[in-house]
Amino acid sequence: PPSTSRAARSGKPESFRRIRALKRACRWEPVGDAHLRYLWRAYKRDELPDFPLPPDLDPTQFQAAVVALLAGFRGEMFVFINHHEEPIGLVSVQRETIYDRGRAFPHALWFQEGKPRQRLECALRFLLNLKKTHLVIIEAKQPYWPFFEHICKYGVLRRVGTIRDAYGAGGRTAIYQGVGK
């Protein structure tokens, strides 16, 4: 008899169903003073390469630099929290309105504490929420393509193009767009 399972109807293999990937809780909250110790730990492990922070800051200098950085940031920053209540990553989102349509440009940094499955779960949940109100556009450097290609298999994003030499000679950047609302 023909199968009536949801996986068979959608044409997606069982392993790429969203419901399965979103079973465990993952949440995000705005970056605040409570998260500074986790950011400090990530800074000491050199996990914040995209933050314009000088090397060899002491904790007090680091706190002042992060507060100044957040005050001057034009978007929003969130900390991803896994189901064990541990911060596993940081995401910044810049939002713009172009031709009466909201666009969001998220960028995530992952901490060592975040396992691949937790990263996937948080990214999927965050992108699903963000694309309800905004067109999501992501630029990804070549080392990050496998992660985003995997998210594409869940029907959340699609790859729409490649930019050559976007971040220097010989570098390629993929552009991903949120699918639907």
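Above this text you will find the structure in question.
First, a word on what this report is: a plain description of the structure on this page. (Residues numbered from 1 in each chain as written. Predicted model: local features only at pLDDT ≥ 70, side-chain atom pairs only at ≥ 80, totals over all residues. Heavy atoms only, no water.)

**What to know about the pattern of salt bridges**
For the structure on display, the rule yields nine salt bridges. For Glu85, the salt bridge goes to Arg27, with nearest N and O atoms at 2.4 Å. Placement of Glu85 in the loop between strand S2 (76–81) and strand S3 (87–98) and of Arg27 in strand S1 (residues 27–30) is noted, with a sequence separation of 58 residues between them. Here Glu85 falls in the partly exposed class, since its relative accessible area comes to 49%. Judged by its relative accessible area of 33%, Arg27 is partly exposed. In this structure, Glu113 and Arg45 form a salt bridge, with 3.0 Å as the shortest nitrogen-oxygen distance. Placement of the pair is Glu113 in the loop between strand S4 (101–110) and helix H5 (116–130) and Arg45 in the loop between helix H3 (36–44) and helix H4 (59–72), with a sequence separation of 68 residues. Residue classification places Arg45 among the partly exposed residues on the basis of a relative accessible area of 28%. Through salt bridges with shared partners, one network takes in Arg41, Arg45, Glu47 and Glu113. (Salt bridge = Lys/Arg side-chain N within 4 Å of Asp/Glu carboxyl O. Helix = DSSP H or I, 4+ residues; strand = E, 2+ residues; numbered from the N terminus. Buried < 20%, exposed > 50% of the residue type's maximum accessible area, 1.4 Å probe, protein only.)

**What to know about the state of the cysteines**
In total, this model carries one disulfide according to the counting rule given. Each disulfide pairs two cysteine sulfurs, and for Cys26 the partner residue is Cys122, the sulfurs being separated by 1.7 Å. The sign of the 110° torsion about the S-S bond sets the Cys26-Cys122 disulfide as right-handed. You can see Cys26 sitting in the loop between helix H2 (18–21) and S1 and its partner Cys122 sitting in helix H5, a full 96 residues away along the chain. (Disulfide = S-S within 2.5 Å.)

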